[in-house]
Amino acid sequence: MEIEKQFKIKFKKQWIDDLAVFWRLIKEHRLRLLLALVCGFAISGINGAIAWSVKPAMDQIFVKKSSEYLYLITFGVVILFTLRGVFTFLNNYLMNSIGAKIVKNIRDMIYEKLLKLPFSFFCRDSSGNVISRVLNDVDLLKSTVSNTIKDFIVEGLTVVVLAGVAFYRRWDLAILSFVVIPFMIYVMTELGKNMKNIGMKTRLRIAKVTTLLHETLHGIKIIKAFTMEKDMIERYKKALGEHYRNIMREVRTEEFTNLLTEVIAGVGVAMILFYGGWLVVHDKISSGDFFSFATAVILMYTPLKRLSRVNASFQRGRNVIERLREIIFVEHEPEKGVEKELKGHIVFKNVSFKYPLAKDYALKNVSFEIKPGETVAIVGPSGAGKSTIADLLAGFWYPTEGDILIDGVSIQELSLYSLRSQIALVTQDIVLFNDSVINNIKFGNISSSFEEALAAAKLADAHDFIMKLPQGYDSLIGEKGILLSGGQKQRITIARAILREPKILIFDEATASLDTESEEKIQRALEQMRKGRTTIVIAHRLSTIKRADKIIVMDKGQIIEQGTHEELLSLGGLYSELWHLQFSPGSS
Ligand SMILES: Nc1ncnc2c1ncn2[C@@H]1O[C@H](COP(=O)(O)OP(=O)(O)OP(=O)(O)O)[C@@H](O)[C@H]1O
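Residues numbered from 1 in each chain as written. Predicted model: local features only at pLDDT ≥ 70, side-chain atom pairs only at ≥ 80, totals over all residues. Heavy atoms only, no water.

Going by the annotation in an unreviewed UniProt entry, the name recorded for the chain is ATP-binding cassette, subfamily B, MsbA, with Thermodesulfovibrio aggregans given as the source organism. If you open the UniProt record of the chain and go to Subcellular location (unreviewed entry), you find "Cell membrane". (UniProt positions renumbered as here; feature names shortened; annotations may be inferred.)

## Things to note about the site of the ligand
Around the ligand lies a shell formed by Tyr355, Ala362, Pro381, Ser382, Gly383, Ala384, Gly385, Lys386, Ser387, Thr388 and His540. Contacts to the ligand include Gly385, whose backbone N or O atom sits 2.9 Å from an oxygen atom. Surface burial for the ligand is 60%, taken as the share of its 630 Å² of free accessible area covered by protein chains. Taken together, the residues of the shell around the ligand sort by class into 4 nonpolar, 6 polar and 1 charged. (Near = heavy atom within 4 Å. Polar contact = N/O pair within 3.5 Å; in protein donor to acceptor, adjacent residues only side chain to side chain. Areas by Shrake-Rupley, 256 points an atom, 1.4 Å probe, with all protein chains shown as cover. Nonpolar A, V, L, I, M, F, W, Y, C, P; charged D, E, K, R; others polar.)

## A look at the domain arrangement of the chain
Interface extent is often summarised as the accessible area lost during association of the parts. Assigned domains within the chain: domain 1 (13-328), domain 2 (344-422 + 504-515 + 532-588) and domain 3 (430-501). At the junction of the two partners, domain 2 supplies 8 residues and domain 3 supplies 7 residues. Both sides together, the interface formed by domain 2 and domain 3 hides about 590 Å², and carbon and sulfur atoms give 59% of it. Linking domain 2 with domain 3 are 0 salt bridges. Across the domain 2-domain 3 interface, the total number found is 1 residue pair in polar contact (both at pLDDT 80 or more). Partitioning the side of domain 2 that touches domain 3 into residue classes produces 4 nonpolar, 2 polar and 2 charged. (Domains from an automatic or database assignment. Contact = heavy atoms within 4.5 Å. Buried area = accessible area lost by both parts, 1.4 Å probe. Salt bridge = Lys/Arg side-chain N within 4 Å of Asp/Glu carboxyl O.)

## Side note on the pattern of salt bridges
By the definition in use, this model includes 21 salt bridges. A salt bridge links Arg133 to Glu326, with the shortest nitrogen-to-oxygen separation between them at 2.8 Å. Note that Arg133 is positioned in helix α6 (residues 127-169) and Glu326 in helix α11 (residues 287-328), a separation of 193 residues in sequence. When its relative accessible area of 4% is taken as the criterion, Arg133 is described as buried. Taking relative accessible area as the criterion, Glu326 reaches 43% and is therefore assigned partly exposed. Of the charged contacts in the structure, one is a salt bridge between Arg170 and Asp172, with a shortest N-O distance of 2.8 Å. Within this structure, Asp18, Arg318 and Arg325 form a network of salt bridges that share partners. (Helix = DSSP H or I, 4+ residues; strand = E, 2+ residues; numbered from the N terminus. Buried < 20%, exposed > 50% of the residue type's maximum accessible area, 1.4 Å probe, protein only.)

## What about the packing of α6 against helix α8 (residues 181-218)?
At a minimum axis separation of 8 Å, α6 and α8 run at an interaxial angle of 130°. Taken together, the axes of α6 and α8 are oblique relative to one another. Here α6 runs over α8; the crossing is right-handed. On the side of α6, the interface is formed by Ser127, Gly128, Asn129, Ile131, Ser132, Asn136, Asp137 and Leu140, while α8 contributes Arg203, Ile206, Ala207, Thr210, Thr211 and His214. Broken down by class, the residue content of the contact of α6 with α8 amounts to 4 nonpolar, 8 polar and 2 charged. (Axes fitted to C-alpha atoms, helices over the stretch in contact; angles between N-to-C directions. Parallel < 35°, antiparallel > 145°, perpendicular 65-115°, else oblique. Left-handed = near helix turned anticlockwise from the far one by under 90°.)

Okay, structure coming up:
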């Protein structure tokens with residue numbers, strides 16, 4: 001079942017919805033649940049039998065001094081306790097396996113869901129927060145499912161059976177002992193509401209801790225370089241302290257519930273002792289009746305206590321559901337659309353674009369055309385909107401106004417999968433995966449052969465340094481390619497793009513981290529690659545784009561000039577100004 005269906009909202013009352021979610025999650029494992037239920041029945045029955053057998057034990061052994069009963073009951077006790085142990089083991093095992101399976105399924109589905117979410121989601125939510133939902137929050141569901149349901153069913157049933165024994169022994173005593181139950185329920189539900197609010201805060205706090213940890217690992221170099229260790233430790237301690245305080249608030253609320261239920265239970269026991277003792281003293285019941293009754297009530301103590309925790313645990317689970325719904329109900333990127341083999345004809349028609357949370361437009365009325373096979377460079381000062389154009393082309397965002405046509409089809413009608421599988425994007429922000437060099441290159445085209453990947457690496461001028469690595473193409477590179485230099489990492493990402501054989505190639509500041517020699521080699525590779533495909537090069541270093549068919553000059557979200565290198569130089573505008581700034585004597 002799709003995750004949206006499992007978490008759907010149908011009822012007016014939220015708690016019924018949440019309960020329905022638990023049911024849908026468990027439903028898939030009904031056979032195991034049924035077996036666990038059978039074990040639960042057995043455990044409750046055995047508990048009832050233990051309480052029930054106290055009367056014959058008392059009356060026959062201690063009053064009538066029957067040695068026959070002495071052997072029978074001793075043997076019976078061993079059998080009953082062993083059976084109870086076996087069924088408890090099975091019950092716990094089955095319920096925990098259901099919980100673990102549900103957690104695994106949800107993690108699977110959430111991961112799949114995350115990959116389908118639009119790019120805008122990842123700009124909104126911090127990665128630490130997302131990780132916390134998938135790892136910390138989902139884990140809580142395991143105990144909600146395995147303990148809550150187990151407690152509710154097994155302990156609930158045990159209470160019913162023991163109550164039956166208690167009623168059978170002496171109905172008026174039983175009624176007296178149940179007088180306290182409404183008070184217990186009141187305490188549990190009132191404090192349960194508090195638990196939900198406090199639990200939600202705990203979720204948010206642990207997400208904050210996870211975010212900080214994630215940022216620390218991600219930015220360890222900068223933290224050290226800026227000697228920010230102390231400050232980061234303070235921040236981490238603060239976040240952890242807030243989380244700890246909240247956990248303790250949760251513990252206090254839960255334990256306070258226990259304290260109150262214990263006091264109420266104490267009052268109940270005192271009433272029973274008094275009235276039961278009075279009945280025995282006045283020969284209304286035998287000691288066996290009373291002790292059998294008392295055993296039933298005492299055996300009820302643990303199940304009742306566990307039942308009192310069910311609500312707190314359910315509320316915790318509800319928080320998790322609420323937080324997961326914030327991911328689950330985010331709309332996917334569109335999956336359908338025109339599937340088309342592209343030639344690479346790109347037209348921007350009066351495109352304006354504003355980022356969701358931004359005040360100003362990042363692009364204003366941008367229009368240009370790139371014919372199939374042409375190489376176009378986009379230049380301009382920082383923040384001009386160059387990368388935004390690349391991101392729009394890759395379908396990460398859609399224009400706020402205007403349209404982008406690719407081979408005559410609006411980008412909004414094209415299948416994103418079809419579009420992206422014919423685009424290769426090389427960005428300045430290098431992304432390498434924690435895998436071998438060869439697999440990182442093959443990420444560009446998973447079905448390619450080793451020889452093809454090798455040819456791509458040669459073209460990207462990466463082959464020589466890869467061969468010098470300890471295991472060549474099989475060398476593992478860390479999460480961020482720790483063994484490699486910035487330029488080497490970039491050459492791997494370029495090989496990856498080459499291997500993709502895209503129709504549209506986008507180089508967003510891709511050669512900025514390379515030295516002049518490597519850059520020249522890449523330029524030559526690029527010359528090769530450009531053939532037969534539309535290429536867009538975003539660059540600060542103007543030397544790299546001189547040979548482009550067209551250069552688009554941008555400033556503050558608008559195109560201010562476009563033409564060939566020579567045309568723009570003779571125009572004497574921003575491009576010529578930037579060119580002279582970079583190549584005047586004395587500039588590097
Ligand atoms: N995710 C985002 N949310 C909000 N605003 C954004 C986002 N990304 C970029 N912007 C804004 O959009 C504008 C254009 O950004 P863009 O990254 O396209 O510029 P650029 O020309 O590529 O700059 P640079 O050369 O520095 O990379 C900037 O003002 C930037 O602050």
